[in-house]
Amino acid sequence: MRKQEYKMKLPLFDDYWIDFRRDTIRRWFKPELYSVAPAGPYASMFYDDTVGKYRIYYENVREWAVDGVRDLFLAESDDLKTFTDVEINGTKALSISKSGLHGCTVLYDKFETDPKKRYKLTGMLDMGEKEANGENDWIGVEIAFSEDGINFEQHKELVANPQTSDALNKLFYNPIDEEYTLLHRSAFVDRRISVRTSKDLKNWSEPHIILNPAAGYNSEGIGMQHYSMTANYYDGIFYGLLWQYNTCLYNEDYSRMFGFMQPELTYSYDGHEFLYTTHEPLMDRPVAPAPGCLGLAPDDMCLSKDGKEYYILCFGYSAVHGTQESNARLNEKLEKAGVKRGNPIYKIRKDGFCGIESVGMGGQIVTKGICLLDDDLTFNVQANVGSARFGIMSIDGNYIEGFELDNCIPFEFDDSVSYKPQWKGHSLNEVLNRQVRIVVELNSAILHCIEGTAQPFVRQRQRSFSHPEGIPVEERRKEVWRVI
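Residues numbered from 1 in each chain as written. Predicted model: local features only at pLDDT ≥ 70, side-chain atom pairs only at ≥ 80, totals over all residues. Heavy atoms only, no water.

Caption draft 1: Seen up close, the pairing of strand β18 (residues 238–248). Within β18, 10 of the 11 residues are buried, which leaves it mostly tucked inside the rest of the structure. For strand β17 (residues 222–233) and β18, the ladder comprises 10 bridges, and the chain directions are antiparallel. Bridge pairing in β18 places N232 opposite Y239. Here β17 hands over to β18 after 4 residues, with D235 in that stretch at a positive phi of 45°. (Buried < 20%, exposed > 50% of the residue type's maximum accessible area, 1.4 Å probe, protein only. Helix = DSSP H or I, 4+ residues; strand = E, 2+ residues; numbered from the N terminus. Pairing = 2+ DSSP bridges.)

Now the structure itself:
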C-alpha cells in the first residue's frame, strides 16, 4: 500500500468534514508581497536541496513583435530576495531548443528514482523552426530531462500533447495514483483547464476539461476565461493556482485577446477533481507602475526550506494582455518610460489560506468520523494570544477516556504549523484503527489545518480521502489495512 494515499490534509475551506462547530467564524487570508524576482513569463520555482538554493526558471522574450519564440533563463537565490542568473559559456539562455521555446515549466521531481530524469522540462520546443515551417497550429508539448537542472536533453519522442498549448504547460506528479498530470490547453486559444495523465511519460490519456468558467463568474460586462493553472502536491492536498482572465464583453474583439489576469485558489484531494474556493482574487493587483499592476499570473508555488511558509511566484504584467502588435508597441513605451519589470513573489504561512477562528473563548470544532492509522496527527494552529485544546471522541460523541479536553496539555501563547497534541498519561497509539472524532477547542485562536495519516470512517470505513470507496467487510478484517 502507498502511504501517500492515506495522507489526510483538511484545510477547512468548507464544512464537509466537520459535523459540529460553535462560536467560530471562517476567515480567508491573502498572501503578502515578499520580493520581486527577475521578469519573464511562464516561470517555475522550487527549493532545490541538491544545490541548497531556490531556483527560478523563466522565459525571456527575444522580441515582443514575435513573442511566441523565447529562451529559458535560470536564476538562483538563497533567500528569494536577491537573485543570480546562471550563465553557461557567457550566455544566460539554457541550451535546450536553439530555435526557441514557449509555455515551459520545470519539475523538480523528488519521486523520480533515475537521477538523470530528476528535472523535467515540459513545453513547446523548436518554436522558431516549426513556425517557419508553417506548423504553428500543431506545435506539440514535449518533455526534456536533466540531471543537474541546467543541461537538458530533448526527447522528441515524448509528446505529452500533440496540439498547440499556448499557455502554461504544468507537469506535476500525483503520488496517490503514481502518475503524471499535465495541465494544458486542449486546443489553440481554448482557455479552459484541460488535463492529460501518464504513468510513463510516453503513453498519455485523452485530454479532458476539469475546470470551465461557469455561472459563478457571470457578470454584466466581464467575459471570464481560465487562461492557465499551476498545481502542486503537499502531503495530502493538491493546491491549484488558477489564472482568472478577465476580458471585456463590450469589446468586439472576438478572439478575446485583451484583458488582465488575477490569481484564484483551487484545491483537490485526488489531483483529478479541482474545487473552487471563493472565486475572489487570491492576491490583489498592486497599484501602477508596480510589476503586476495590469495582471498577476501565478506561475508556481513552493514550500520554504524551513517548511513553514509557501512562496507564490507570479508573472507581473505591466501592460495589458493583447496581440503581438500591441505587446510590442506597449513594451517599447514602457521601456522608454523607465517602468521596471519583475515577477512578484508572495508568501503565506503553510496551509494558511483559510482558518476557523474562535469568537472569543470556547470555540469548538468536532469532525466527522475518522480512522487514524498512525500517531502523526498534527494541527496548524495560531494561539499567540490564546490557547487551543484537543480531544478524541467515539463516533457517538462521548470522549474516549484519557482523551478529554481537560486531560489535554494546552497549546498556549504559541504558534505552530505542525503541532502534535499531548494528553496526560495517554498516547494516540491507543486510539489507532478505531472510528473516532477529533475535537478542537479554540480560545482566541485560529485553526488552519488538520493533518495526519487516516481514512474517512463516517458510517462505513473508506479507503482514503483521495479514494473514497467503502472497504468491504472482508477487507476491513485484514491486518493489511492497519499497516502502511
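Caption draft 2: Structural context of the sheet that holds strand β14 (residues 179–184). Reading across from one edge, β13-β14-β15-β16 is the order of the 4 strands in this open sheet, with antiparallel pairing throughout. Both edges of this open sheet fall to β13 (170–174) and β16 (208–211), since each of them pairs with a single strand only. Across the sheet, the mean angle from the axis of one strand to that of its neighbour is 35°, orientation sign disregarded. Direction of pairing for β13 relative to β14: antiparallel, over a ladder of 5 bridges. Of the residues in β14, the one forming a bridge with K170 is L183. (Axes fitted to C-alpha atoms, helices over the stretch in contact; angles between N-to-C directions.)

Caption draft 3: Main features of helix α2 (residues 324–337). Compared with the 20 Å implied by 1.5 Å per residue over 14 residues, the 20 Å span of α2 between its first and last C-alpha is a close match. Within α2, the full set of buried residues consists of S326, N327, N331 and L334. Seen from one end, α2 has its buried residues packed into an arc of 120°, which puts them on one side. Away from its buried face by more than 90 degrees, α2 exposes E325, K333 and K336. Looking one or two places after α2, you find G338, whose phi comes out positive at around 75°. (Expected span 1.5 Å × (residues − 1). Arc of directions from axis to C-beta.)

Caption draft 4: The arrangement of the sheet that holds β18 in detail. An order of β17-β18-β19-β20 is seen for the 4 strands of this open sheet, with the pairing classed as antiparallel. Of all the strands in the sheet, just β17 and β20 (275–276) have a single pairing partner and so form its edges.

Caption draft 5: Up close: the nonpolar core. Ranked by internal contacts, the top residues of the largest apolar core, which has 66 residues, are Y239, F353 and L372. For this core, the element with the highest residue contribution is strand β27 (residues 378–394), accounting for 6 residues. For F353, the residues in contact, after removing those within four places along its chain, are F13, R27, W28, F29, P31, Y239, L265, L282, M301, Y310, I312 and I348. In this structure, Y57, V106, Y119 and L121 belong to the second largest nonpolar core, which totals 17 residues. (Core = buried A, V, L, I, M, F, W, Y, C linked by side-chain atoms within 4.5 Å. Contact = heavy atoms within 4.5 Å.)

Caption draft 6: Summary view of the packing of aromatic side chains. Within this structure, the stated rule accounts for 33 aromatic pairs. With a centroid separation of 5.1 Å and 50° between ring planes, the pair formed by Y34 and Y311 is classed as tilted. On the criterion of sequence distance, the pair formed by Y34 in strand β4 (residues 32–37) and Y311 in strand β22 (residues 309–316) is long-range, its members being 277 residues apart. Among the aromatic residues, those joined into a cluster by ring pairs are F13, W28, Y234, Y239, Y267, Y269, Y310 and F353. (Phe/Tyr/Trp six-rings, centres within 6.5 Å; stacked < 30°, edge-to-face > 60°.)

Caption draft 7: Spatial organisation of the state of the cysteines. Enumeration over the complete set of coordinates arrives at 0 disulfides. This cysteine, C248, is not joined by any disulfide, and C293 carries the nearest cysteine sulfur, 19 Å off. There is no disulfide at C302, and the cysteine sulfur nearest it, in C314, is 12 Å away. (Disulfide = S-S within 2.5 Å.)

Caption draft 8: A look at the confidence of the model for the protein. In the predicted model, the protein carries a mean pLDDT of 93, and the fraction of residues at 70 or more is 96%. In this model residues 479–484 is a low-confidence stretch, pLDDT under 50, and it forms 17 contacts with partners more than four residues away in sequence or in other chains. (pLDDT = per-residue confidence, 0-100.)

Caption draft 9: View of the side chain of H155. Along the chain, the position of H155 falls in strand β12 (residues 152–161). Overall, H155 belongs to the buried group, its relative accessible area being 16%. Not counting chain neighbours up to four residues away, the residues in contact with H155 comprise E142, I143, A144 and F145.

Caption draft 10: Looking closely at the pattern of salt bridges. Overall, the coordinates contain 29 salt bridges when judged by the stated rule. D351 is the partner of K9 in a salt bridge, and the nearest nitrogen-oxygen pair spans 3.1 Å. Residue K9 is found in strand β1 (residues 7–10), and its partner D351 is found in the loop between β23 (343–349) and β24 (354–358); the two are separated by 342 residues along the sequence. Summarising the burial analysis for this pair, K9 and D351 share the class buried. Close ionic contact of D109 with K120 constitutes a salt bridge, the shortest N to O distance being 2.9 Å. Here D109, found in the loop between β9 (101–108) and β10 (119–125), pairs with K120, found in strand β10; they are 11 residues apart in sequence, far enough to count as distant. By relative accessible area, which is 1% here, D109 ends up buried. Salt bridges sharing partners connect three or more residues here, namely E5, R463 and E469. (Salt bridge = Lys/Arg side-chain N within 4 Å of Asp/Glu carboxyl O.)

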